[in-house]
Amino acid sequence: MKTFYQLTSKGFKLMEKLEIALENLAELGVSSVEVEEALCRNYYHLFILFKEYHDMEFCDVDIYRIYEGTINLHDLESQDLIKQTYNDND
């Protein structure tokens with residue numbers, strides 16, 4: 001039983017803006033690690049998915065295995081940041 005997800009346009013646009021902000025701050029010599037921690041604190045899990053999968057689908061089983069259950073896909077989905085694209089139970 002697998003469910004596949006993808007970032008919504010809202011989640012994708014938010015992460016694009018965050019990525020641009022990180023690049024601009026890096027150009028100013030601000031430590032990217034500190035900035036990522038500060039800016040991504042609220043969206044850390046979404047940022048991981050954005051960096052890893054960008055606009056591709058990802059599977060809940062793989063995400064659970066790779067990140068040892070630390071990413072709450074249901075929480076991201078409830079915030080309209082990711083959407084379910086396929087469920088093999090259907």
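In the block above lies the structure referred to throughout.
Residues numbered from 1 in each chain as written. Predicted model: local features only at pLDDT ≥ 70, side-chain atom pairs only at ≥ 80, totals over all residues. Heavy atoms only, no water.

**Student:** So what exactly am I meant to see when it comes to helix H1 (residues 9–27) here?
**Tutor:** Given 3.6 residues to a turn, an α-helix orients residues that are three or four positions apart in the same direction. For H1, built from 19 residues, the straight-helix expectation of 27 Å at 1.5 Å per residue is met to within 8% by its first-to-last C-alpha distance of 27 Å. Residues Gly11, Phe12, Met15, Leu18 and Leu22 constitute the buried set of H1. Buried residues of H1 fall within an arc of 125 degrees about the axis and therefore sit on the same side. Facing away from the buried side of H1 by over 90 degrees, the exposed positions are Ser9, Lys13, Lys17 and Glu27. Within two residues after H1, Gly29 carries a phi angle of roughly 85 degrees, on the positive side. (Helix = DSSP H or I, 4+ residues; strand = E, 2+ residues; numbered from the N terminus. Expected span 1.5 Å × (residues − 1). Buried < 20%, exposed > 50% of the residue type's maximum accessible area, 1.4 Å probe, protein only. Arc of directions from axis to C-beta.)

**Student:** Honestly, the environment of Tyr43 in this entry has me stumped. Any pointers?
**Tutor:** In this fold, Tyr43 is placed in the loop between helix H2 (32–40) and helix H3 (44–53). Along the sequence, Tyr43 and Asp62 sit 19 residues apart, while their C-alpha atoms lie 20 Å from each other. Excluding its chain neighbours within four sequence positions, the residues that come into contact with Tyr43 are Leu14, Met15 and Leu81. (Contact = heavy atoms within 4.5 Å.)

**Student:** What is the right way to read the side chain of Thr8 from this model?
**Tutor:** Structurally, the position occupied by Thr8 is in the loop between strand E1 (3–7) and H1. Reaching out from Thr8, the side chain makes a polar contact with the backbone nitrogen of Gly11 at a distance of 3.1 Å. (Polar contact = N/O pair within 3.5 Å; in protein donor to acceptor, adjacent residues only side chain to side chain.)

**Student:** In this structure, what is going on with the pairing of E1? I would like to understand it.
**Tutor:** Alternating positions in E1 separate cleanly, Thr3, Tyr5 and Leu7 being buried on one face and Phe4 and Gln6 remaining unburied on the opposite face. Here E1 runs beside strand E3 (residues 82–87); their pairing, made up of five bridges, is antiparallel. Across the sheet, Gln6 pairs through a bridge with Lys83, a residue of E3. In terms of strand pairing, E1 meets strand E2 (residues 58–59) through two bridges, oriented antiparallel. Following the sheet pairing, Phe4 is matched in E2 by Cys59. (Pairing = 2+ DSSP bridges.)

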